[in-house]
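This is what each chain is made of:
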Protein chains: 2
Amino acid sequence: MKFRRSGRLVDMTHYLMEHPHQQVPLTYFSERYESAKSSISEDLSIIKEIFESRGIGSLETAAGASGGVVYIPSASRDYSGQILRDLCEKLEDPGRLLPGGYLYMMDIIGAPSLVQAIGRIFASHYRNAQVDAVMTMATKGIPLAYAVAGHLNVPVSIVRHEHRITEGSIVSINYVSGSKKRIQTMSLARRSLKPHSNVLIIDDFMKAGGTVRGMMDLVHEFQSTVAGIGVLTEATHAEEPLVQDYVSLTRLSQVDERGSRIKVEVGNIHD
Amino acid sequence: MKFRRSGRLVDMTHYLMEHPHQQVPLTYFSERYESAKSSISEDLSIIKEIFESRGIGSLETAAGASGGVVYIPSASRDYSGQILRDLCEKLEDPGRLLPGGYLYMMDIIGAPSLVQAIGRIFASHYRNAQVDAVMTMATKGIPLAYAVAGHLNVPVSIVRHEHRITEGSIVSINYVSGSKKRIQTMSLARRSLKPHSNVLIIDDFMKAGGTVRGMMDLVHEFQSTVAGIGVLTEATHAEEPLVQDYVSLTRLSQVDERGSRIKVEVGNIHD
């Protein structure tokens, strides 16, 4: 099928968005559209200009015989600032307060478009970190982890508290839940993370950091390294946190259950 | 910022892809690009033609003062046929066989691009079903449910076996796990599904259908209706299944643990 430039631009934009962080050879596009490589190059420079000026992402081109183009989604500071301020405002709704000072967050984690935006922000932050896999803890971290992994084009490893017979052999470790000082177990299917991976840990909530600390230990059990740690919300905590290098999108600085007041600010991602 | 047609096409394609199943007024685009509505209409007809000819989806335009355009992602029969045949082949790998005749599937559920494709296939199938929410059971259904919900632009409700203090009041029901004939409990946070919703149930695996049957009962507890039921893999089962109207993408027709053979075919979605 022969395409005019306008049609190519629409189809290429769609294709690139569906294939982030993947090298696409120019020959792929020139065959797809029966067009000269020089025309494809011009198309790509138009897309690149728009993606960059709109803060959508960047297109990186590699020259040479194996030359191609890679779309790297990003989130501009304006974009993420807007998303994060809205998120803080939503989190400050006193209607979220549950007995024990817990916050109801499933409406936020249950909204796919917001979760995708959060995924884009984390993926943008770690876009040059050579991430091979994203790890998270079931259950609430899962949607966030997929949104990040989708933008980075890497697989997800889901850590669980309980064992499942449908996962084959597993690796388990004990860890101390930071805030409750209770020894718990977490496990990951042996097959679900390749050894020597560089792993980005994503979780929805971090208080003392015990769960994240456990996941870091689990990463090492797989002869792998930690590429980074991203949490949606961190709570301020009286003691020294068990984790130092992490990126938080929001910070719960005050939960006053009796006065029904919650104070939430943008996390350290914009520091 | 003033845009030429080529730039508008790139940016509009991106915008529409990020906002599926949402009405976008033409004035939004004409202000965004400082362009006449007539130019925007021409742009949209180019995008529409490409989206339709490539099987990406359709653009539906509504005339009048509140006129606008809605992008509805779809999956052509060619596209879904290819994805599903590849999936069957992957599932037939005897290396997946676990003791008890279970299959290891986390590599499939752990691959975001494949999960997105599966989500697009389900979302395309139910695109006219007026879905208000997607419901799934923790844990393995979650990635699939989000991929479907993202394409339909609706929220996700996650049903669990155990209660969580961070969810506020919950609605619980007992159900009979079909294959094991065991009474179990499933629950959903009261806040996580609006009453009078039309709910699409998505799960990774269905054997006798007890879990799906339980979710259907739970939907009714929320004064809601079932828009449809989609499962990634169904296993053939000796008894009459507890659920009739469902859509399966793949069907596990034979698991021979001793001979290390698995037979998988495309499910009823293409019947």
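Since this is a predicted model, take the numbers as computed values, not measurements. (Residues numbered from 1 in each chain as written. Chains lettered and ligands numbered in written order. Predicted model: local features only at pLDDT ≥ 70, side-chain atom pairs only at ≥ 80, totals over all residues. Heavy atoms only, no water.)

**Brief notes about the environment of S76 of chain A**
Residue and element names in this part refer to chain A. Mapped onto the fold, S76 is located in the loop between β3 (68-73) and α4 (77-91). Judged by relative accessible area, which is 27%, S76 ranks as partly exposed. The spacing of S76 and R191 is 115 residues in sequence and 36 Å in space, taken between C-alpha atoms. (Helix = DSSP H or I, 4+ residues; strand = E, 2+ residues; numbered from the N terminus. Buried < 20%, exposed > 50% of the residue type's maximum accessible area, 1.4 Å probe, protein only.)

**Things to note about the sheet that holds strand β2 (residues 57-62) of chain A**
All names here are of chain A. In space, the three strands of this open sheet follow the order β1-β3-β2, with antiparallel pairing throughout. Edge positions in the sheet fall to β1 (24-25) and β2, since each has one partner strand and no second. Where β2 meets β3, six bridges bridge the pair, whose relative direction is antiparallel. Across the sheet, residue L59 finds its bridge partner in β3, namely Y71. (Pairing = 2+ DSSP bridges.)

**Side note on the pairing of strand β9 (residues 225-235) of chain B**
Residues and elements named next belong to chain B. The element β9 is largely enclosed, with a buried count of eight among its 11 residues. In this sheet, β9 lies alongside strand β8 (residues 198-206) in parallel orientation, the contact comprising eight bridges. Of the residues in β9, the one forming a bridge with M206 is E234. For the crossover from β8 across helix α8 (residues 210-221) to β9, the handedness is right-handed. As judged from the five bridges shared by β9 and strand β10 (residues 247-256), these two strands associate in the parallel manner. What sits directly across from E234, in β10, is R251. (Right-handed = clockwise from strand over helix to strand, strands pointing away.)

**Examining the sheet that holds strand β5 (residues 156-159) of chain B**
All names here are of chain B. Taking strand neighbours across the sheet as the criterion, the six strands line up as β5-β4-β8-β9-β10-β11 in an open arrangement whose pairing is mixed. Two strands in the sheet have a free side with no partner beyond their single neighbour: β5 and β11 (261-266). Taken over all neighbouring pairs, the strand axes of this sheet differ in orientation by 25° on average, direction set aside. α8 contacts β4 (133-137), β5, β8 and β9 of the sheet and is inclined by roughly 165° relative to β8. (Axes fitted to C-alpha atoms, helices over the stretch in contact; angles between N-to-C directions. Contact = heavy atoms within 4.5 Å.)

**What about the interface of chain B and chain A?**
Counting from both sides, the interface comprises 52 residues of chain B and, opposite them, 52 residues of chain A. Carbon and sulfur atoms supply 64% of the area that chain B and chain A bury against each other, a total of about 4,700 Å² over both sides. Inspection of the chain B/chain A interface yields four salt bridges. In this structure, R54 of chain B engages D11 of chain A in a salt bridge whose closest nitrogen and oxygen atoms are separated by 3.3 Å. Those elements that provide at least two residues to the side of chain B that touches chain A are α1 (5-18), α3 (37-53), α5 (106-109), α6 (112-125), α7 (141-152) and β5 of chain B. In terms of residue class, the side of chain B that touches chain A is made up of 29 nonpolar, 12 polar and 11 charged. (Buried area = accessible area lost by both parts, 1.4 Å probe. Salt bridge = Lys/Arg side-chain N within 4 Å of Asp/Glu carboxyl O. Nonpolar A, V, L, I, M, F, W, Y, C, P; charged D, E, K, R; others polar.)

**A few points about the relation of the copies chain B and chain A**
Superposing chain B onto chain A takes a rotation of 180° combined with a translation of 0.0 Å along the rotation axis, leaving an RMSD of 0.0 Å. This pairing of chains is accounted for by a two-fold axis. Comparing contact sets, 100% of the residues at the interface of chain B also lie at the interface in chain A, consistent with an isologous, same-surface contact. (Least-squares fit on C-alpha atoms with pLDDT ≥ 70 in both.)

**Topic: the domain arrangement of chain A**
All names here are of chain A. Considered domain by domain, chain A is made up of domain 1 (5-73) and domain 2 (77-270). Here the C-alpha centroids of domain 1 and domain 2 sit 33 Å apart. Counting residues at the interface gives seven residues for domain 1, matched by seven residues for domain 2. Here domain 1 and domain 2 share an interface that buries about 620 Å² over both sides, 49% of which is from carbon and sulfur atoms. Joining domain 1 to domain 2, the criterion identifies zero salt bridges. Linking domain 1 to domain 2 there are two residue pairs in polar contact (both at pLDDT 80 or more). (Domains from an automatic or database assignment. Polar contact = N/O pair within 3.5 Å; in protein donor to acceptor, adjacent residues only side chain to side chain.)

**A few points about unusual backbone geometry**
Each neighbour pair has its own omega, and for A138 of chain A with T139 of chain A the value is 10°, a cis peptide bond. Along the polypeptide, T139 of chain A turns up in the loop between β6 (133-137) and α7 (141-152). One non-glycine residue, Q130 of chain A, adopts positive backbone phi at about 55°. For E34 of chain B, which is not glycine, the phi dihedral falls at a positive 50°. With respect to the helices and strands, E34 of chain B occurs in the loop between α2 (26-33) and α3. For E34 of chain B, a relative accessible area of 46% puts it in the partly exposed group.

**Some thoughts on the packing of α1 of chain B against α2 of chain B**
Residues and elements named next belong to chain B. Packing of α1 against α2 leaves a shortest axis separation of 12 Å and a crossing angle of 135°. Here α1 lies oblique to α2, going by the angle between them. Between α1 and α2 the crossing geometry is right-handed. Contacts between α1 and α2 involve R8, D11, M12, Y15 and L16 on the former and, on the latter, Y28, F29, R32 and Y33. Here the contact of α1 with α2 is composed, by residue class, of six nonpolar, no polar and three charged. (Parallel < 35°, antiparallel > 145°, perpendicular 65-115°, else oblique. Left-handed = near helix turned anticlockwise from the far one by under 90°.)

**With respect to the pairing of β3 of chain A**
Residues and elements named next belong to chain A. Burial of β3 is extensive: six of the six residues sit out of reach of the surface. Every second residue of β3 is oriented toward a common face, with G68, V70 and I72 on one face and V69, Y71 and P73 on the other, all of them buried. Sheet topology places β1 next to β3; two bridges connect them, and they run antiparallel. In the strand pairing of β3, V24 is matched with V69.

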